[in-house]
Amino acid sequence: MTRKNLIAGNWKMNNTIPEAVVLAQEISNGIYPDILDEVDVAVCPPFVDLKPVKSVFEFDRVNIALGAQNVYWEPKGAFTGEISIPMIKEIGCTYCIVGHSERRHLFDETNEDVNLKVRALIEAGIAPIICVGESLSVRDEGVYLDFVTAQVRAAYAGVEAADAVNTVVAYEPVWAIGTGRTATPEQAEEVCAAIRATLADLFGVDVAEQVRVLYGGSMNEGNAELLLAEPDIDGGLIGGAALKASSFLEIVKAAK
Ligand code: 13P
């Protein structure tokens, strides 16, 4: 089964609207439209940048998808400071990152929160990019496969096999995020293969073979090709290197 690679840029809390428009325009200008037949590309800017970034891509008629970095599961109401799924859908998001380690660690997001978000996004037809990954201490204890696969099981609780097909998992070892210390292709493949085996256990091999499993954590133009050559790595969730158009575009090329 050949899965189309997905390269998604997670801009995190970077770029004011003018800065976001410049970066989106640079990405749009630099992308060869034909490459989008071979690689899916998405950017996930901060909420306030979504509309301006969408406008750039629409004006240029470039098929780069839009994702949010987080969302709340209730459709509306008295939830000061939160953003709903109908809101991000209306703006044109087709992806939404869920359970990023920064949200889990800095904002106490739990596996239960992640599951509620995943189910609500699926219901709305937006593909969740479900982030999982172990800290350095969990890796050093040697229990990282159990830890990560438990996160996967928790995220998908109550999800039907037919709905799991359009979800995405991103393996992001916490010790590799923003540290410049990338997992080796072998380390990343070991966990991504275990994630796929867990999906097969939950939903059957057919579905597991269709779900894209991304790697994230200091992926850049220098290491992307080797990581993406691994059989169970179907793309990347890119942080720092997604903030520079030339680096991001090199990673997209490496995903062909
Ligand atoms: P870096 O690429 O900056 O390590 O960030 C990875 C990440 O957290 C993407 O979601």
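It should be emphasised that the depicted structure is a prediction, and the values quoted were computed from it without experimental measurement. (Residues numbered from 1 in each chain as written. Predicted model: local features only at pLDDT ≥ 70, side-chain atom pairs only at ≥ 80, totals over all residues. Heavy atoms only, no water.)

Considerations on the packing of helix α1 (residues 17-30) against helix α3 (residues 47-60)
Here is the rule we go by: Note on geometry: axes are C-alpha line fits, over the in-contact stretch for helices, and angles between N-to-C directions span 0 to 180 degrees. Going along the chain from the N terminus, every DSSP run of H or I of four or more residues is numbered as a helix, and every run of E of two or more is numbered as a strand. By definition in this entry, angles of less than 35 degrees are roughly parallel, angles greater than 145 are roughly antiparallel, angles of 65 to 115 are roughly perpendicular, and the rest are oblique. A clockwise turn of the near helix away from the far one marks a right-handed crossing, whereas an anticlockwise turn of less than a right angle marks a left-handed crossing. Here, residues are in contact when the closest pair of their heavy atoms is within 4.5 Å. Charged residues are taken to be Asp, Glu, Lys and Arg, nonpolar residues to be Ala, Val, Leu, Ile, Met, Phe, Trp, Tyr, Cys and Pro, and polar residues to be all remaining types, Gly included.
The N-to-C vectors of α1 and α3 enclose an angle of 30°; their axes lie 9 Å apart at closest approach. In terms of their interaxial angle, α1 and α3 are classed as roughly parallel. Considering how the two elements wind past one another, α1 and α3 form a crossing that is right-handed. On the side of α1, the interface is formed by I17, A20, V21, A24, Q25, S28 and N29, while α3 contributes V48, D49, P52, V53, V56, F57 and D60. In the contact of α1 with α3, the residues fall into nine nonpolar, three polar and two charged.

What to know about the packing of aromatic side chains
Note the following rule: In this scheme Phe, Tyr and Trp rings, the latter by its six-membered ring, pair at centre separations within 6.5 Å, and the angle between planes marks the pair as stacked below 30 degrees, edge-to-face above 60, and tilted otherwise.
In total, this model carries four aromatic pairs according to the counting rule given. Each residue in the set Y72, W73 and F79 is aromatic and connected to the rest through ring pairs, giving one cluster.

Here we look at empty space enclosed by the protein
Keep this limit in mind: With a 1 Å grid laid over protein atoms only, a set of points is called a cavity when a 1.4 Å probe fits there but cannot get out and a pocket when it is open yet has protein on both sides within 12 Å along at least five of seven lines; lining residues have an atom within 4 Å of a point. Grid points are joined across faces, edges and corners, and a volume is the space filled by probe spheres set on the points.
Counted under the stated rule, the structure contains one cavity of 30 Å³ or more. Estimated volume of the largest cavity: approximately 40 Å³. It is helix α13 (residues 245-254) that contributes the most residues to the lining of the largest cavity, three residues altogether. In terms of residue class, the lining of the largest cavity is built from five nonpolar, one polar and one charged.

Brief notes about the layout of surface pockets
Taken as a whole, the largest pocket encloses approximately 400 Å³ of empty space. By residue class, the composition of the lining of the largest pocket is seven nonpolar, four polar and three charged. Roughly 190 Å³ of volume is contained in the second largest pocket. Along the walls of the second largest pocket sit 16 residues, with G178, S218, I238, G239 and G240 positioned nearest its centre. Of the residues in the lining of the second largest pocket, the class split is five nonpolar, nine polar and two charged.

Digging into the side chain of R139
Note the threshold: A simple rule labels every residue: compare its accessible area, found with a 1.4 Å probe on the protein chains alone, to the largest value its type can have, and call it buried under 20%, exposed over 50%, or partly exposed in between. Polar contacts, as used here, are pairs of N or O atoms within 3.5 Å; protein pairs need one atom able to donate a hydrogen and one able to accept it. Residues neighboring in sequence count only if both atoms are side-chain atoms.
If you trace the backbone, R139 turns up in helix α7 (residues 136-141). Note on R139: relative accessible area 12%, which makes it buried. In this structure the side chain of R139 is engaged in a polar contact, spanning 2.7 Å, whose partner is the side chain of E134. Apart from residues no more than four positions distant in its own chain, R139 is found in contact with E134, Y144, Y171, W175, Q187 and V191.

Digging into the pattern of salt bridges
So the rule is basically this: For this analysis, a salt bridge means a side-chain nitrogen from Lys or Arg found within 4 Å of a carboxyl oxygen belonging to Asp or Glu.
Under the defined criterion, the tally for this structure stands at twelve salt bridges. Note that E209 and R3 form a salt bridge whose closest N and O atoms lie 3.3 Å from each other. A residue pair is termed long-range when its members are at least 10 positions apart, and E209 in the loop between α11 (205-208) and β7 (212-215) and R3 in the segment before β1 (5-10) qualify at 206 residues. Taking relative accessible area as the criterion, R3 reaches 15% and is therefore assigned buried. We note a salt bridge from R212 to D40, for which the minimum N-O separation is 2.8 Å. Of this pair, R212 sits in strand β7 while D40 sits in strand β2 (residues 39-44), and the two are 172 residues apart along the sequence. Here the salt bridges do not stand alone but share partners, grouping R3, R196, E209, D232 and D234 into one network.

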